[in-house]
Amino acid sequence: MSSLLITNGHLVTLDADNRFIENGSIYIEGDQIIDVGDFATGTYAADHTIDARGSLVMPGLINAHHHLYSTFARGFTPPGPPALNFEQNLRNLWWKLDAALDSEDVYYSALLAAMHAARAGCTTIIDHHASPSCSDGSLDQVERALRDVGLSGCLCYEVSDRNRDGEGIEENERYIRKCRDSDDDQMAAMFGLHALMTLGTKTLERCAGIGHSLDAGFHVHAAEDAVDVQVTMQRYGRRIMDRFLDFGIPGPKTIFVHGIHFDSHEMDLLHSTDSMLVNNPESNMNNGLGLAPILVMLKHGVTVGVGTDGMSSHLISQARAMYLHQRTLHRDPNLAFVEACEILLHNNRNICNRLFRKPRGSLAPGHLADVIIPSYVPFTPLNANTFYGHLLFGLSFAPVRTTIARGQVVVDDGRLLHLDEEAIRAQCSERAPRIWERIN
Ligand SMILES: [Zn+2]
């Protein structure tokens, strides 16, 4: 079993005691943290030692909602007139892009995005995948990419009736069984659903039945745009959360994504069913969809997390967008700073701990050895009172020097040395124009 020692760091443990340790060390064996503290360097004889050079050292970040398949959309303008609303945006861009991907495109889009994530200090990704032209086995391609980079992932396939009824059900079932029957905790699985606006009653019934029989949580977009609320009300005479409740979808392992248009009753349902809600502020702003009432949800006791929704693989900027978002919404300069940081660092960790077997998100013995060393030496005091200021005003702009995922150094001095980055970029540059041609 390989071992690794990190020395000379400003440790931000985010552990139960929220310890900040100056000149601290971390000892890792295999994929697990064994010791954290200010112990003498000779205490452990490790295979490798990393000198943090006085930099801040913290747990790897977690992305609670991503679309790795969206990578090749960068710079692309869909043909035809510009989308005037959310539904047109789905039809003109996203549903054409995902249909244009072949199996190797799925691998390379996930690989490139996972490399970006690792470089931005993210070590676990909860992904929501769609590739209707090659749905069978597609989650294995996403898994292959995450394993090649060295990250952990919780995967699902986005079931909808938009191409054919229940497309993707089999892929979810297959992949959930695969993860359930494996001892390996690097990958986990959920049952993916697009949104109520693209899911008919028969499909929902089938998904709920299979998901429940496998004891899987669901991962589904909800109330992202008013059209989702309107369609559900027109077709079924139900609010979104009531409709989901009819099928037993809410629960402690289920993630609802966005929630911009949830009302107070639906927030109560999120809380009473112990469901999770993941918001994506940059994506919501990009789509011109409005602002989610995050602070109201927290008051309702909802477990709120944050993701990137395919916009980027950079997490700290999401927490930054979230608090700025709330201050704009409420026109109050004192709101949401602490909450946004806690959502990113504590709630995303708690969400992961419901989906994976091994705990992560703290520098603590027994936790998964996901550790990052940003190129960031604090020049003002670093402690429990000041850390969130460092996070949102300093670390959000600092490159990550070293990323350790599952005990392995995956980013070293900003580079992924175990991968041929040049060859991967060349391969992606060849693929992108071919994908764009298929959309046009
Ligand atoms: Zn999404």
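Structure shown above.
Structure report, in brief. (Residues numbered from 1 in each chain as written. Predicted model: local features only at pLDDT ≥ 70, side-chain atom pairs only at ≥ 80, totals over all residues. Heavy atoms only, no water.)

### Concerning unusual backbone geometry
We count it as follows: Note on conventions: DSSP H or I runs of at least 4 residues are helices, E runs of at least 2 residues are strands, and numbering of each starts at the N terminus. Relative accessibility under 20% of the residue-type maximum defines a buried residue, over 50% an exposed one, and the middle range a partly exposed one, all with a 1.4 Å probe and only protein chains included.
Phi at R331 takes a positive value of approximately 50°, unusual for a residue other than glycine. If you trace the backbone, R331 turns up in the loop between α11 (316–330) and α12 (337–355). Located in the positive-phi region is R406, a residue other than glycine, with phi close to 55°. Relative to the helices and strands, R406 resides in the loop between β16 (400–405) and β17 (408–412). The buried category is assigned to R406, whose relative accessible area is 11%.

### Topic: the coordination of the zinc ion
For the record, the criterion: Metal coordination here is assigned from N, O and S atoms located within 2.8 Å of the ion, or within 3.2 Å for Na, K and Ca; omission of water means that sites may look incomplete. Irregular is the label for any site that misses the other tests, which are tetrahedral for four donors with all angles between 85 and 135 degrees, and square planar for four donors or octahedral for six when opposite donors exceed 155 degrees and the remaining angles lie between 65 and 115.
For the zinc ion, the full set of protein donor atoms is H65 (NE2), H67 (NE2), H221 (NE2) and D309 (OD), at a range of 2.0 to 2.2 Å. One way to put it: the 4 donor atoms around the zinc ion meet at angles of 91 to 161°, and that makes the site irregular. Along the chain, the residues donating to the zinc ion fall in the pattern H-x1-H-x153-H-x87-D. With H67 in the loop between β6 (61–66) and α1 (86–100) and H221 in strand β11 (residues 218–222), this pair connects stretches of sequence that are 154 residues apart. The buried category is assigned to H67, whose relative accessible area is 7%. A residue is classified by how much of its surface remains accessible, and H221, at 5% relative accessible area, is buried.

### With respect to the sheet that holds strand β7 (residues 122–127)
This is how it is decided: If DSSP finds at least two bridges between two strands, the strands pair. Angles shown run from 0 to 180 degrees and are taken between the N-to-C directions of axes, each axis being a line fitted to C-alpha atoms and, for helices, limited to the stretch in contact.
Here 4 strands make up an open sheet; going across it, the order is β6-β7-β8-β9 and the pairing parallel. Bordering the open sheet on either side are β6 and β9 (187–189), each of which pairs with just one other strand. Direction aside, the axes of adjacent strands within the sheet are offset by 15° on average. Of the strand pairs in this sheet, β7 and strand β8 (residues 152–155) are connected by 3 bridges, and their pairing is parallel. Pairing of I125 across the sheet is with G153, part of β8.

### With respect to the environment of E173
Applicable threshold: Whether two residues are in contact is decided by their heavy atoms, any of which lying within 4.5 Å being enough.
Note that E173 resides in helix α4 (residues 169–180). Sequence separation between E173 and F262 is 89 residues; the distance between their C-alpha atoms is 29 Å. Setting aside residues no more than four positions away along its own chain, E173 makes contact with I210 and L214.

### Some details on helix α6 (residues 226–236)
Note on helix geometry: an α-helix contains 3.6 residues per turn, so any two residues three or four positions apart are oriented the same way. When we look at burial in α6, the residues that qualify are V227, D228, V229, V231 and T232. Elements in contact with the buried residues of α6: α1, β11 and α7 (240–246). Directly after α6, the chain includes G237, whose backbone phi takes a positive value near 65°.

### Re α1
For clarity, the cut-off: How far a helix is expected to stretch is found by multiplying one less than its residue total by 1.5 Å. Counted as a polar contact is a pair of N or O atoms within 3.5 Å, where, for protein atoms, one must be capable of donating a hydrogen and the other of accepting one, and residues adjacent in sequence contribute only when both atoms are in side chains.
Its 15 residues give α1 an end-to-end C-alpha distance of 20 Å, which sits within 8% of 21 Å, the value for a rise of 1.5 Å per residue. Turning to α1, its buried residues are F86, N89, L90, N92, L93, W95, L97, D98 and A100. Packed against the buried residues of α1 are α2 (103–119), α6 and α14 (421–439). One side-chain oxygen at the N-terminal end of α1 lies 3.2 Å from the backbone nitrogen of E87; it belongs to N85.

### Re the environment of F218
Tracing the backbone shows F218 in strand β11. Assessed through its relative accessible area of 1%, F218 is described here as buried. Those residues within four positions of F218 in sequence are excluded, and the remaining contacts are M190, F191, L193, C207, A208, G211, H212, I249, K253, T254 and I255.

### What to know about the pattern of salt bridges
Charged atoms that come close allow side chains of opposite charge to pair. Short version of the rule: The salt bridge definition used is simple: a Lys or Arg side-chain nitrogen within 4 Å of an Asp or Glu carboxyl oxygen.
Taken as a whole and judged by the stated rule, the model has 27 salt bridges. Notably, a salt bridge pairs E171 with R174, separated by 2.9 Å at the nearest N-O pair. Here the residue E171 and the residue R174 both occupy positions in helix α4, the gap between them amounting to 3 residues, near one helical turn. Residue E171 is classed as buried on the basis of its relative accessible area, which comes to 1%. For R174, a relative accessible area of 31% corresponds to the partly exposed category. Bridged by salt links that share partners, the residues D140, E143, R147, E171, R174, K178 and D184 form one connected network.

### Focus on the nonpolar core
To keep things clear, this is the line we draw: By nonpolar core is meant a set of buried Ala, Val, Leu, Ile, Met, Phe, Trp, Tyr and Cys residues that side-chain atoms within 4.5 Å join together.
Counting residues in hydrophobic clusters, the biggest one holds 118 residues, and the most contacted among them are M58, L193, F262 and F387. No other element matches α2, which puts 11 residues into this core. When residues no more than four places from it in sequence are discounted, the contact partners of F387 are V12, L14, F20, L56, M58, L345, L382 and L395. If you look at the next biggest cluster of nonpolar residues, it comprises 16 residues, including I28, I50, L363 and I404.

### A closer look at the pairing of strand β3 (residues 32–37)
Residues in a regular strand point their side chains to alternate faces of the sheet. Across 5 bridges, the pairing between strand β2 (residues 20–29) and β3 is antiparallel. Considered in β3, the bridge of E29 is made with Q32. Connecting the antiparallel pair β2 and β3 is a turn made up of 2 residues, with G30 showing a positive phi of about 60°.

### Focus on the sheet that holds strand β10 (residues 191–193)
Read from one edge to the other, the open sheet built from 5 strands follows the order β10-β11-β12-β13-β14, with strand pairing classed as parallel. This sheet does not close on itself; its edge strands, each paired only once, are β10 and β14 (303–306). Averaged over all pairs of adjacent strands, the angle between strand axes in this sheet comes to 25°, irrespective of strand direction. Here 4 bridges tie strand β13 (residues 276–279) to β14, and the two strands are oriented parallel to one another.

### Quick notes on the packing of helix α3 (residues 138–149) against α4
Test applied: Small angles under 35 degrees read as roughly parallel and large ones over 145 as roughly antiparallel, with 65 to 115 read as roughly perpendicular and the rest as oblique. Classes in brief: Ala, Val, Leu, Ile, Met, Phe, Trp, Tyr, Cys and Pro nonpolar; Asp, Glu, Lys and Arg charged; the others, Gly included, polar.
Relative to each other, α3 and α4 sit at 45°, their axes nearing to 9 Å. Between α3 and α4, the angle is such that the two are oblique. Contact with α3, carried on its side by S138, L139, D140 and E143, involves E171, R174, Y175 and K178 of α4 and no other residues of that element. For the contact of α3 with α4, a count of residues per class yields 2 nonpolar, 1 polar and 5 charged.

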